[in-house]
Every structure is written in structure tokens, then in C-alpha cells.
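The chain contents come next:
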Amino acid sequence: MCGIVGYVGRRTAGPLLVEGLRKLEYRGYDSYGVATLHRSVSVLKKSGRIPPQADLGKGLKGKIGIGHTRWATHGEPTDRNAHPHTDCTGRIAVVHNGIIENYAKLREELEGRGHRFLSDTDTEVIAHLVEEAFQPGKLQEAVEEALRRLEGSYAILVIAQDEPGIVAARKSSPLVLGIGDGETLAASDMTPLLEYTERVIFLEDGDVATLREGGITICCNGTAVQRPVEQVTWCLDDVKKGGFPHFMLKEIHEQPQVFYETVRSVDAREMAAQMRASPWVTLIGCGTSYHAGLVAKYLLEAHAGIPVRVEMGSEFKYFAPPVRGLVVAITQSGETADTLMALQKARAHNCQTAAVTNVVGSSVTRMADHVLYTRAGPEIGVAATKSFTAQLAVFLQLASRLSDGALDGAIATAHLAMGDALRTELDGAVSLCTGAKDIFFVGRGPFYPVALEGALKMKEISYIHAEGYPAGELKHGPFALLTPETPVVAIALPGPTYGAMISNIKEMKARQAPVIGIGDAGDTELADVVDVFLPLPDGPEAVHILTATVILQRLAYHTADALSRDIDRPRNLAKSVTVE
Ligand code: AGP
């Protein structure tokens, strides 16, 4: 969702800001804009994607500026609704990520006092509120005054004519500041900063900062505060494609390494002890992270005997049943609004809280009592891949620790098997999928959430309708949809559900549905009954969960690629969903 970038220093800000916005494109957006300060404020903003030309932004003079990619919430994605927004005089410009909940009332009030609005956005009220409070040399005070009137969430950057810097503020929306050599920067996440600095500050809720060429000062509730300067461990290469045609494919291929690094670095002892001691364990997440929770439930219950409830963040916050015990938020970005609100609810019920996340310094890390990090590195493709298997790495470690090392053998070999799964031939399966309007993904036990994740990947990047189902449930309704044009991807691996899966597959074949079977490499029984057989490397169930996931991610990727979809930036989606 919306991306923000700001620069103060010795370089020309315009092109630098445009390049910064390109690095934030993966968050999802439908318009973009930049404002720079030379003698006055100049604004360039447009609906649609940032065009490829390298010199875009060159016409904007000045060494101070702010930029924005907008994911429309209030007002259509048009030129005039794109950020930055300016005040009546055109001397003040603002970019904003978040939602101003009381904007309608504020707008009415401001219009009553003679302010002219040029957009339909909630953001524009900020520019006019700052205008009212502004005194030369006192931009930060004017922003503080304006913020007192706002309800909702924001990360904002503000510049004003004759002011030598940027004022930045955050409340419930991410904002990172970078300290370079004679330059300072701000952005929604670290990706645009990596080229310029490794030293960053994560603003806290309520912080208002002023960025100048020579440094940054921060206030909270009117008092100067110091926030720790952190050293970034991600590097510039992590946010480049490295020879792959898409970030998603690169990230799929990084999984063996990411899995290995996550299991090696994660110290699961404290959270394992909390789980053991807690009468209730609740896992919350959205989308792919929710699916990781469903797999984790299976692992923790089957191997450690710990009863686990899994809830979607978007539902849990409205939950009526009792909220108790340990509540663990699973979130790659650490910024998903639904998950954060759910965790907030858990805190309000005095629950112990924990987080499994990929982003150091993200909002969830400041909210949870205890944090376990995945080591996936920056995930740029909107479709989550390596962050999912890294989350599974954390929960495999937890389940193994809670079961006297029962999964240690599987954990030690999983990265090798994942590497093998990157080479499985998929052509036959891809051609079945590219011709389909609907696809079912089915599995049982832990392979049911794996099927859900496979269907989510397929639908979000190929735009083919895909549904994940527990295999046994198909005949309780969805069978009515099976036709020779409706492929079913069935995961049937050795274990207690294998026989039932084979029976289910035969029932699907009897309805003439083409079946793509994912099974153990030597399984001739499955290979004989399905139309296309996708063999997984030999291994235990815990490894099959990971290798089946890799195969399904690749199936979605190659299907979408064959259909020429915009794989890294699928339509209507945002990488980080920071609004409810
Ligand atoms: C899946 O491919 C999506 N990117 C989406 O479902 C994502 O997993 C969800 O929005 C949650 O994001 P989070 O892990 O950053 O909280």
C-alpha cells in the first residue's frame, strides 16, 4: 500500500525520489507523485504506473523533496487525487500513508473557513491544517498542531517553501528514517534507503521528526527524544532481480537458503516454553500468513500435543469468544492493519503476545512481548513465497523443540529437498492450468492449508479462479462444479490420509475432471490414476509440506507467466495491507 520517500541533502532530489518510488512499487499503487523544493514547491503527479524513462523527475529542481505511490482509498486513482497534496498557497506539500478517519468533518470546517480543496482525498486536510498553523521557520510546530486534529493512521512527510528540511510523523503506519553522509532520508520501508545508508531509525507512534542535511531531531508529545540508530543487515542486491525475470521467481529460488538461515538463526526456546505453559495458544494472520498458521496448528498439535486455535486477523478483532493465553501474530511485513488490530485486542485482554515476522523494527515488533524473526530478506513480489516457507521454518523449530527433537531430521534435510523441487518438470501441469477458468486445489491434514496456499498463489497472480478445499469436502457440494474443463490439483502423500486421497481422486476422475497429482517420487499407484503426475523428492511429511509448497508456487508462477500477467504487481493488490 502507499509508499513514501523523502530526501534532504546534496543531490538533486527529483530523480532520486522517482528511483525510490520505483523500489516501493511492489507495495502496490495506482498513481504516483513527487514534490521538490527549490525556491518554491514544484509538484509532478500522475495516475497510473511510473513510466520507465530514466530522466523522469529531472525537471524538478531542488535538493529537498518528497514522493509517494498511492493505493486509492478515498477518491479515485486520478491525477488530482495523486499525492503530494498542497495547501491553498501552494507553499506546503504533503504525502501521506494511512487513513484520516475524521477528514470529512475537518474538510467541511476548513472549507467553511475559506480553504479550497483540489482533490477528493482524506490527505488534503493535512496540507490545509498545516497552512493554518504555519509560521516561517516553524514547520514542525505547525505539523504538530495539525496532527492534534487528526483521527486515524498516518505516516506523513511535509515540506514548505523556505524551510530547510522535511517534517515526518507517524501513527500506526510505518516510517523509517535513514542517516547518510550529509544527507537524510525517509521511506515507508528500507528498500529505497539501502543505496544511501545502512543506518536507520524506526519512528515510534507519536513521533514527529525534522530531517535536515546534517541530521535528524525527533520529538514525542512535545519533548525531544532519542531513538536507537540501527544497522541494516539487508543489502542492495537483496532488492534487485539478480538475473531472474521476476522477483517472485527469484524469491521462490531463494527458499532453500532462506529456510536454512531461518532454522539456524531462530531461537525458539522462550516461545516454546510459553506455549508449553499457556493453556491456550492462538495464532493470527492474514492471507499467506494465516495459511502458515494453519500448517503450524497441525505441526504443534500432531508433534507436541499443544492445542492451537488459528484465526484470521480481520475476523479475530471482532471475536466474541474468550481471548486468553498466548496470542502469536504471524506477519511477513509486520504492518498488516488487521493483524495488528487483532494483536492489540489480545493485549487489551492481558494476553501474552508474540510475533513471527520478517521485518526488524516493524510495528508488530513494538507491540508484541516477544518476537521471532524469519530470515527471508526483503520480499518484493506481492505474492508471498519465501516468507511463507520461512514462517514454516520457525514453526517446525518450535514443534521440534516441543517434541524432543522429533522434527530435527526433517529440518536438517528440508533445504536440499526444496532445492530439488525447484527443478521438477511442470509443463504438462501448466498447460492444463492455462486453459482453465476454475481450478481446485485439494489436500488433507497439513496438505489442506498447503492446497489453500497453492490456490491463493494461483488466483492472485494468474487471475484464474482457484479454490483450496479439504479433499474430503468436495463431495459435500463442490463436486457439482467438476467438469472436463475444471482441473483439480490433488496432493496425495504417504501417511494416514493417502488411501482416502486416492479414493477422492478416483471420484474426481469419474466426473471427468483432469487431475494433477502431487505425490512421492516412487508412487506408481498415484501416477497411474492422475493425468499429470508431479513427483516430490523422497522425504518425511514435514519436508513434503515444504516441497509441495514450492511446486505449487512454481505452478502458479509459470501459469501466470504463460498468460503474460504482471506477476510481481498483480492488479488490485498491495504487498503491505496497512488499512483495515
Ligand atoms: C499473499 O501472497 C499475499 N501477499 C497476502 O495474502 C499476505 O500474505 C497478507 O496480506 C498478509 O501479509 P503479512 O504477512 O505481511 O501480514
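Residues numbered from 1 in each chain as written. Predicted model: local features only at pLDDT ≥ 70, side-chain atom pairs only at ≥ 80, totals over all residues. Heavy atoms only, no water.

Draft legend 1. Representation of the site of the ligand in the model. Lining the immediate environment of the ligand, one finds 14 residues, of which S289, T331, S333, T336 and E460 sit closest. Taking T331, its side chain carries an N or O atom lying 2.7 Å from an oxygen atom of the ligand. Within the side chain of E460, an N or O atom sits 2.4 Å from an oxygen atom of the ligand. Its free accessible area being 410 Å², the ligand has 91% of it covered by the protein chains. Elements with a contribution of two residues or more to the shell around the ligand: helix 8 (287-304) and helix 15 (447-462). Class assignment for the residues of the shell around the ligand results in five nonpolar, seven polar and two charged. Among the domains, domain 2 (241-420) and domain 3 (424-580) are the pair contributing at least three residues each to the shell around the ligand. (Near = heavy atom within 4 Å. Polar contact = N/O pair within 3.5 Å; in protein donor to acceptor, adjacent residues only side chain to side chain. Areas by Shrake-Rupley, 256 points an atom, 1.4 Å probe, with all protein chains shown as cover. Helix = DSSP H or I, 4+ residues; strand = E, 2+ residues; numbered from the N terminus. Nonpolar A, V, L, I, M, F, W, Y, C, P; charged D, E, K, R; others polar. Domains from an automatic or database assignment.)

Draft legend 2. Spotlight on the pattern of salt bridges. Throughout the structure, instances matching the rule amount to 28 salt bridges. Measuring nitrogen to oxygen at the nearest pair gives 3.1 Å for the salt bridge that ties K297 to E301. One end of the pair is K297 and the other is E301, both in helix 8 and four residues apart, which spans about a single turn. Residue class for K297 comes out partly exposed when judged on its relative accessible area of 28%. With a closest N to O distance of 3.5 Å, D369 and R347 form a salt bridge. Residue D369 is found in the loop between helix 11 (363-367) and strand 20 (370-373), and its partner R347 is found in helix 10 (residues 337-348); the two are separated by 22 residues along the sequence. Given the relative accessible area of 37%, R347 is considered partly exposed. (Salt bridge = Lys/Arg side-chain N within 4 Å of Asp/Glu carboxyl O. Buried < 20%, exposed > 50% of the residue type's maximum accessible area, 1.4 Å probe, protein only.)

Draft legend 3. View of the sheet that holds strand 22 (residues 465-470). Taken together, the five strands give an open sheet; going across it, the order is 22-21-23-24-25, and neighbouring strands pair in parallel fashion. Because the sheet does not close on itself, it has two edges, and the strands there are strand 22 and strand 25 (532-536). Each adjacent strand pair in this sheet contributes to an overall mean axis angle of 20°, direction not counted. Along the sheet, helix 14 (residues 427-434) makes contact with strand 21 (438-443), strand 24 (515-520) and strand 25, crossing strand 25 at roughly 130°. The sheet contacts of helix 15 involve strand 21, strand 22 and strand 23 (488-491), and relative to strand 22 the element is tilted by about 175°. (Pairing = 2+ DSSP bridges. Axes fitted to C-alpha atoms, helices over the stretch in contact; angles between N-to-C directions. Contact = heavy atoms within 4.5 Å.)

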